[in-house]
Amino acid sequence: MRRTLVVGNWKMHGSRPANAELLAGLLAARPYTADVAVCVPAVFLTETAATLAGSDIRWGAQDVSAHEQGAYTGEISAGMLHECGCRYAIVGHSERRAYHAESDALVAQKAQAALARGVTPIVCVGETLAEREAGQTEVVVKRQLSAVIHQLAHCAAEMVVAYEPVWAIGTGRTASPEQAQAVHAVLRAQLQAATGRADTMKILYGGSVKPDNAATLFAQPDIDGGLIGGAALKAADFIAICRAA
Ligand code: PEP
């Protein structure tokens, strides 16, 4: 039995006062039956860690460097995230693939760098609208996941996967539970073939998850929770999604 995991991706949102209010709301609403985490902008990690320490809400980053250390201005290493108590690092989010030209190979290296320092990578895969309409969804997500599986080799079962159709992110247009489940089943079969442990691995869905659609999505057999963008910024919405699990 896989425990549901709900992860908030704050993206480049937040401020000290707003974060304090949001986190206080999340803490006050405990206990959750799902595992809950927030991936916050890196500058807020230390404060987030101080606020959430001792609770069962976990925290993480939205990216990680593929490098261990060195002259990589602006980058943040997995070791640094580990020092900040991060449980998770999102890698390969479609916004990073699109705006920072991150390749499948780089995403795979980032996932490996995170795992090497005990930070669980949440590896995002997903097709664009044009790719879906061209019937390429399966080919695209399998290619993206395959690069990471290959890089992680015997550690591949340690990652979390997030299926995030690009056309559903921040658009208000959610994949139907059936559409999402179909892709999750493909991903789980791929993970099973590679690791033999896919029944223990979490595959999250992301893309306009809201309080009113979360329960149906999470009820699908291969959907183990969600990666939540916009709705993670309002305590009431995020709490409702966590409770839908
Ligand atoms: C995301 O950015 O990972 C995401 C799923 O965003 P939203 O929930 O806003 O679509």
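If you're wondering where the values come from, they're calculated on a predicted model, not measured in any experiment. Numbering of residues starts from 1 in each chain and follows the order in which that chain's sequence is written. At least 70 in pLDDT is required for a residue's local features to be given in this predicted model, at least 80 for side-chain atom pairs to be given and counted, and no such filter applies to totals for whole chains, interfaces and linings, which use all residues.

Enquirer: Is there a simple way to think about the nonpolar core in this case?
Expert: The tendency in soluble globular proteins is for nonpolar side chains to be buried side by side. By size, the foremost hydrophobic cluster in this structure holds 73 residues, and its most contacted members are Val7, Ala89, Ile122, Val123, Val148, Val161 and Tyr163. Strands here are runs of E lasting at least two residues and helices are runs of H or I lasting at least four, both read from the DSSP assignment and numbered beginning at the N terminus. In terms of residue count, helix α7 (residues 137-152) provides more of this core than any other element does, six residues in total. Two residues form a contact once the distance between their C-beta atoms, set from the backbone, is within 7 Å. Leaving out residues up to four positions away in the same chain, Val7 has contacts with Ala37, Cys39, Tyr88, Ile122, Leu204, Leu227 and Ile228. Each nonpolar core reported here comprises buried Ala, Val, Leu, Ile, Met, Phe, Trp, Tyr and Cys residues connected via C-beta atoms within 7 Å. Neighbour density around each residue's C-beta defines its exposure: 20 or more other C-beta atoms within 10 Å make it buried, 12 or fewer make it exposed, and counts between make it partly exposed, where C-beta atoms are placed from the backbone.

Enquirer: It is not clear to me how the site of the ligand should be interpreted in this structure. Could you clarify?
Expert: Lining the immediate surroundings of the ligand are 13 residues, of which Ile169, Gly170, Gly206, Gly229 and Gly230 lie closest. Looking at the shell around the ligand, its residues break down into five nonpolar, seven polar and one charged. By convention here, the C-beta atom is placed from the backbone, and a residue is near a molecule or strand when that atom is within 6 Å of it. For this scheme, ten residues count as nonpolar: Ala, Val, Leu, Ile, Met, Phe, Trp, Tyr, Cys and Pro. Four count as charged, namely Asp, Glu, Lys and Arg, and the remainder, Gly too, count as polar.

Enquirer: Sorry, what's going on with the UniProt feature "binding site: substrate" (unreviewed entry) in the chain here?
Expert: UniProt positions are given in the numbering used here, feature names are shortened, and annotations may be inferred rather than shown by experiment. As annotated in UniProt, the feature "binding site: substrate" (unreviewed entry) corresponds to Asn9, Trp10, Lys11, Gly170, Ser208, Gly229 and Gly230 in the numbering used here. What stands out for the annotated residues spanning 222 residues is how close their C-alpha atoms remain, the widest pair being 13.9 Å apart. Mapped onto the secondary structure, Asn9 falls in strand β1 (residues 5-9). Accessibility expressed as a C-beta count within 10 Å gives 27 for Asn9, which makes it buried. Leave out the neighbours within four places in its chain, and Asn9 touches Cys39, Gln62, Ile90, Leu227, Ile228, Gly229 and Ala232. Mapping Gly229 onto the fold places it in the loop between β8 (225-228) and α10 (235-244). Overall, the presence of 21 C-beta atoms within 10 Å leaves Gly229 in the buried class. Other than its neighbours up to four places away in sequence, Gly229 contacts Asn9, Lys11, Ile169 and Gly170.

Enquirer: Would you take a moment to explain the packing of α7 against helix α8 (residues 177-195) for this structure?
Expert: For any two helices packed against each other, one specifies the inter-axial angle together with the distance between the axes. Between α7 and α8, whose axes approach to 10 Å, the crossing angle comes to 35 degrees. Once α7 is placed against α8, the crossing between them reads as right-handed. Where α7 approaches α8, its residues Thr137, Glu138, Val141, Lys142, Leu145 and Ile149 are matched on the opposing element by Val183, Val186, Leu187, Gln190 and Ala194. Split by residue class, the contact of α7 with α8 holds seven nonpolar, two polar and two charged. As a rule, the C-alpha atoms of each element are fitted with a line to give its axis, helices using only the stretch in contact, and angles between N-to-C directions run from 0 to 180 degrees. Helix crossings fall into two classes, left-handed where the near helix is turned counterclockwise from the far one by less than a right angle and right-handed where it is turned clockwise.

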